[in-house]
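Letter by letter, the chains look like this.
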Amino acid sequence: MIIGKKEISNISTLAISQLGASHQDTGICEDSSAVYQDSNMAIACVADGHGDSRCFRANLGSKFAVEIGIQCVKEFVANQPNLDFNNEKEIDKAFIQLKSYILFKWLERTKNHLLAHPIEDREVGLMDAEDYEEYQREGIFKSYPVLYGSTFIIACVTSGFYFALQLGDGDVAIDNKKFVMPLPEDPRCFGPYTTSLCNDDAIDSFRHYYAKGNPRAIMVSTDGLGKSFAEQQRFLDLLKVIEKNIVETGAEGAKPELIDFFERLTERGSQDDISLGAIVKVGE
Amino acid sequence: MGKYDNVEGIARRTMILFFLIDTSNSMSGTKIGEVNDAIEGVIPEIKEISSSNADALIKIACLTFSTGVKWMYPNPVDVNDFKWSYVNAGGMTEMGKAFEVLNEKLSRNEFMAEVAGSYAPAIFLLSDGAPTDEYKDAIEKLKKNNWFKYALKAAVAIGDDADKDMLATFTGDEELVLTAHSPEALRKVIRFVSVTASKIGSKSSVSAQTTNAKQDDFAEQITEFNSDLIDSQNDNW
Amino acid sequence: MIDLKRNERIQIKNGSKAEVIQKIGEGGQGAVYKVHYAREDYAMKLYFPRAIKKKNEFYSNLENNIVNGSPNESFLWPLYITEMKNGTFGYLMRLRPAGYEDFSKILTAKVQMNSDMAIINAALHLVNAFKDLHSKGYSYQDLNDGNFFINPENGDVLICDNDNVAPYGQNVGVDGKSRYIAPEVVTGKSRPNVHTDRFSLAVVLFMLFFRGHPFEGAKTASHCCLTEQLEKEYYGVHPLFCYDPKDESNRPVRGIHNNVIRLWNMYPRYIQDAFIKVFTAGIKDVNERLTEREWTNILLRYRNSTIKCSCGCYNTFEDETQAKLTCADCGTEINRPLVLTINKNKIFLYPETRLYTYQIEDSQDLFQEAGMVIINKANKSLWGLKNLSKRGWIVEYSSGEQKSVPYGGVLFLLKGTKIFFGNEYSGEIN
């Protein structure tokens, strides 16, 4: 099946990033989110820059991740040759290639950014001594991606086929009748820890899910949202409410109240930045 | 009348501070008295951290062990509601049993369930003597528990006859075994470790395959403290 | 194509009927069933009617292979052929024994090789299998990650899909998987043969050691989709080795090709050089591709200089001049142990090191153990070499003292010791 050649319609997309209560002092939101839509596909993407002190440019890392993610997935859908759905190996191979490509582009972008914006005095103290030595000698250092470390989640809907990729913590929820979370769990995303685009084995932590059909909604979110709820079902209940609101008023209409809610939620809940990317079917 | 007014189940991220306290016979007298006093005294400080730390809510779980083990409360308690219940000393030192019970509770189905996206717990072992039961298997099991692996751990050896090597197998690092030679030192140590663990434990982190930045941070601060720790000249134990 | 049902019977040529028990698998060319024939259970591969282009040629070739027999115990070789019926046919072979895993599972780390020694032995088995295949005049033509299995415990190898094996110069119409097949086949300049086999063998060895593909790096990662055209370009028309010394543009990328990056530097220079040769000069010049004999010598050298640290991790000395190494797992420093030189073999003598039959007598057996280094129970710093071979040895210590060492006997490992294994095989320890 050749994906992305048929039109899709009646889809509404929304992306929100809300500054976490714990970041009010710095005012820097480390999350990023974005959506893209055209007649053949809808894409939602979120990324969460790490709060670790070594990741002092993480807000940029997440911004790049989202921009590159959307660009790469657009290309993927546009250029993907015939996908044989009976050949799991082939589909997995295609996704591994896409993941490699996203990583490659992100690594390139962050490297170019570092070369164009050298380490500032105030940043030196936050680096590993060894890394800084290497940086002074070579102008770059092997672990440079750590400065921009971020998680990454992206979902894409095309006519009759949809998929999601995830690296790190955060959630992907898909509504076919009710919301479920089909991506495999990553045992290394545990407690406050998460895998990252900046890991030297990043490709191994990149999970994916794909299926035929047209879901009612797909929502991707950073962990600030999911971790505001003690029980997973309550989190999924919230997503249902959000979906309903988007269906009723459209994405633009639903935004203001949702932003307001997230502002209160981060305070009462995770304290963390909250991002949501949503792709919702709004009509028949 | 907001669309999201009826959303239920919102919870703050939580960090649990575990105290495992040896209440065996050798702890009786001034030692247990000092432990009671020191922990009761450190609670208000932890309360302060919890309220000033936007990142997390801190809960306390306390297990005492002598002949048999006992949780002070059936579930971890919000530090703001926590009341220290004075403990007495007497009996053997069933540390192995304590480790087994700890392993059971460090699970999503037990103490770690009600906490939304829990932070790594901090586990604090206070003991003055060697275990009287089989503990090696229990420690091996504990070491395979993910929550334990990521937890911030520290041990306080109370008095000179404490088996520091054994305590180091618990913490995984001999630098995380502190010795308290006097009541004042004990108070200082309990306060320092609890406060440091609370501060570090409740901030988010990138997982690294080889280094555990948070635990390294913790170990660094503890080591610094240890070297600054001034023991009183009299060994009052 | 309709699946065969249980109890359905298939006529074996010049024999009786095989009875179907159940279907056990399916591939691009056909399906595999468990069958009962002549009082034993076998696996039967039955081709899809449209899968084979030149049916009669393929059928005769298969018959020939059956008659000539398997070149080596690593091949799951066709044993009986079925009659041609309904436009198709098949053959019977041994069932795959337990303990073997798909190579692709090992590549994706779903299954781990038990140890580095298992990896070396797997490599030796593979090379050996090809040596025997080629010496019988055959070529395999279609080696890829789907048609062989490895026992992760000991490195034993089982090669399947031997229906594509054909004599040199002949070809039964197989094209091969582009990531494994030689560039000249991808570009259509040649059909599969012994030289292309050697290329595929090198690719498989690279993947076994470094868990990545030799032509994948920054260049292949810079594309969103690897279309057929791009695949042809990167694996056929302009393949660029990821560690090509003259061109860095396809180096493995941190974060993506982490296995290759980590593992490449853990192997000695002569192994790296072997791969560099095949994947640079050997792309255009088939004579620059290592022969099985050349690979065997390199792998045996590697095995001879690999020792097992007490923590369980295998480490390799580059050569005798390396004074010490640091264990890759536990960090212990290990000094260069005594080395036993027997003709071209330099065997590093460390506890658990093995001596092999081919080193001490005229034998092609690379896996049969003939001796082992053991630790003296009373004095742990004293090591000995235990004779596990069929012959007695004579040992001459540097003092001049001579002793006989029968099967089960142990000689002390001391500098200057000479060992006489018989039939002009002797060695010296230094």
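Residues numbered from 1 in each chain as written. Chains lettered and ligands numbered in written order. Predicted model: local features only at pLDDT ≥ 70, side-chain atom pairs only at ≥ 80, totals over all residues. Heavy atoms only, no water.

With that settled, consider the pattern of salt bridges. A full pass over the atoms with the stated rule returns 33 salt bridges over all chains. We note a salt bridge from Arg-137 of chain A to Glu-138 of chain A, for which the minimum N-O separation is 3.7 Å. Judged by its relative accessible area of 53%, Glu-138 of chain A falls in the exposed class. As a salt-bridge pair, Arg-9 of chain C and Glu-19 of chain C come within 3.8 Å of each other at their nearest N and O atoms. Remark: Glu-19 of chain C occurs in strand β2 (residues 17-26) and Arg-9 of chain C occurs in strand β1 (residues 9-11); sequence separation between them is 10 residues. A cluster of three or more residues bridged by salt bridges with shared partners is formed by Asp-175, Arg-216, Lys-240 and Glu-243 of chain A. (Salt bridge = Lys/Arg side-chain N within 4 Å of Asp/Glu carboxyl O. Buried < 20%, exposed > 50% of the residue type's maximum accessible area, 1.4 Å probe, protein only. Helix = DSSP H or I, 4+ residues; strand = E, 2+ residues; numbered from the N terminus.)

The subject of this paragraph is the arrangement of the chains. Where the two pairs of chains in contact are concerned, the greatest contact count is recorded for chains A and B. One thing to see here is that chain B and chain C don't touch, and their nearest C-alpha atoms sit 13 Å from each other. (Contact = heavy atoms within 4.5 Å.)

Per-residue confidence for chain A gives a mean pLDDT of 93; residues scoring 70 or more make up 100%. Across chain A, the element-wise mean pLDDT spans from 92 in helix α6 (residues 223-226) of chain A up to 98 in strand β9 (residues 217-221) of chain A. (pLDDT = per-residue confidence, 0-100.)

On to unusual backbone geometry, then. Residues and elements named next belong to chain C. Residue Arg-39 is not a glycine yet carries a positive backbone phi of 70°. Position of Arg-39 relative to the elements: it lies in the loop between β3 (30-37) and β4 (40-47). Residue class for Arg-39 comes out exposed when judged on its relative accessible area of 79%. At Glu-352, a residue that is not glycine, the phi angle is positive and equals roughly 80°. According to the relative accessible area criterion, Glu-352 is partly exposed, its value standing at 42%.

By size, the foremost hydrophobic cluster in this structure holds 70 residues, and its most contacted members are Phe-241, Phe-275, Phe-279 and Trp-295 of chain C. The leading source of residues in this core is helix α3 (residues 116-135) of chain C, at 12 residues. Two domains each donate at least three residues to this core, and these are domain 2 (101-296) and domain 3 (337-429) of chain C. Among residues more than four places away in sequence, those in contact with Phe-279 of chain C are Phe-199, Ala-202, Val-203, Phe-206, Pro-214, Phe-215 and Phe-241 of chain C. Among the nonpolar cores identified, the runner-up in size contains 58 residues, and Met-41, Ala-47, Phe-56 and Leu-83 of chain A belong to it. (Core = buried A, V, L, I, M, F, W, Y, C linked by side-chain atoms within 4.5 Å. Domains from an automatic or database assignment.)

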